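What the coordinates show
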Amino acid sequence: MRLLDMQLADALQRIRHGSSEDLIEKARQDEQVLLRELDRLMTRMRAIEGQLLQIQKTATRH
C-alpha cells in the first residue's frame, strides 16, 4: 500500500508539473491505473478484516 501511495504521489506530481501534454496524459493514465489498484487492495483488506471479525466473534462465543 505504501508503494502504491508513493507511485500515486509521483503521478500527481507529474500531472501538475509535466513539461508536455503527452507526459501529462501518461501521468493521468498512470494515476487511473494506480487508483484502480489501490481500490482493489483496499477492498481485499476490508474483506480480510471482515473475515477476522467473524472468526473473533465465533471464538468468543465458545
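Here the structure is a predicted model, which is why all the values come from computation and not from measurement.

1. Section: the overall build of the protein
Scanning the protein for helices and strands turns up two helices and zero strands. By the compact-globule yardstick of 11 Å for 62 residues, the protein is too spread out, its C-alpha radius of gyration being 18 Å. Projected onto its principal axes, the C-alpha positions of the protein cover 65 × 15 × 10 Å. Taken across its 62 residues, the protein has 18% of its residues classed as buried.

2. Side note on helix α2 (residues 21-61)
Helix length check: α2, at 41 residues, gives a terminal C-alpha distance of 60 Å against a target of 60 Å (1.5 Å per residue), a fit within 8%. For α2, every residue scored as buried is listed here: Ile-24, Ala-27, Asp-30, Glu-31, Leu-34, Leu-38 and Leu-41.

3. Here's the deal with the nonpolar core
Membership of the largest hydrophobic core is limited to six residues, which are Leu-4, Leu-8, Ala-11, Leu-34, Leu-38 and Leu-41. Of all the elements in the fold, those that place two or more residues in this core are α1 (2-17) and α2. Residues within four places of Ala-11 in sequence aside, it is in contact with Ala-27, Asp-30, Glu-31 and Leu-34.

4. Structural notes on a nonpolar patch on the surface
A grouping of Ile-48, Leu-52 and Ile-55 is seen on the molecular surface, where their side chains present a nonpolar patch of about 300 Å² in accessible area. Looking at the secondary structure, you find Ile-55 in helix α2. A relative accessible area of 55% places Ile-55 in the exposed class.

5. With respect to the packing of α1 against α2
Where α1 meets α2, the closest approach of the two axes is 8 Å, and the angle between their N-to-C directions is 155 degrees. One way to sum up the angle between α1 and α2 is to call them roughly antiparallel. Crossing hand, α1 versus α2: left-handed. In this structure, α1 contributes Leu-4, Asp-5, Gln-7, Leu-8, Ala-11, Leu-12, Arg-14 and Ile-15 to the contact, and α2 contributes Ile-24, Ala-27, Arg-28, Asp-30, Glu-31, Leu-34, Leu-35, Glu-37, Leu-38 and Leu-41. In terms of residue class, the contact of α1 with α2 is made up of 11 nonpolar, one polar and six charged.

6. Focus on the side chain of Asp-30
Within the element layout of this structure, Asp-30 appears in helix α2. On the accessibility criterion, Asp-30 (18% relative accessible area) is buried. A polar contact of 2.5 Å, which involves the side chain of Asp-30, links it to the side chain of Lys-26. The residues touching Asp-30, leaving out its near neighbours within four places in the chain, are Ala-11 and Arg-14.

Rules used in this analysis
Residues numbered from 1 in each chain as written. Predicted model: local features only at pLDDT ≥ 70, side-chain atom pairs only at ≥ 80, totals over all residues. Heavy atoms only, no water. Helix = DSSP H or I, 4+ residues; strand = E, 2+ residues; numbered from the N terminus. Rg over C-alpha atoms; globule rule 2.2 N^0.38 Å. Buried < 20%, exposed > 50% of the residue type's maximum accessible area, 1.4 Å probe, protein only. Expected span 1.5 Å × (residues − 1). Core = buried A, V, L, I, M, F, W, Y, C linked by side-chain atoms within 4.5 Å. Contact = heavy atoms within 4.5 Å. Patch = residues over 30% accessible without salt bridge, like charges linked within 9 Å, V, L, I, M, F, W, Y side chains within 5 Å. Areas by Shrake-Rupley, 256 points an atom, 1.4 Å probe, with all protein chains shown as cover. Salt bridge = Lys/Arg side-chain N within 4 Å of Asp/Glu carboxyl O. Axes fitted to C-alpha atoms, helices over the stretch in contact; angles between N-to-C directions. Parallel < 35°, antiparallel > 145°, perpendicular 65-115°, else oblique. Left-handed = near helix turned anticlockwise from the far one by under 90°. Nonpolar A, V, L, I, M, F, W, Y, C, P; charged D, E, K, R; others polar. Polar contact = N/O pair within 3.5 Å; in protein donor to acceptor, adjacent residues only side chain to side chain.

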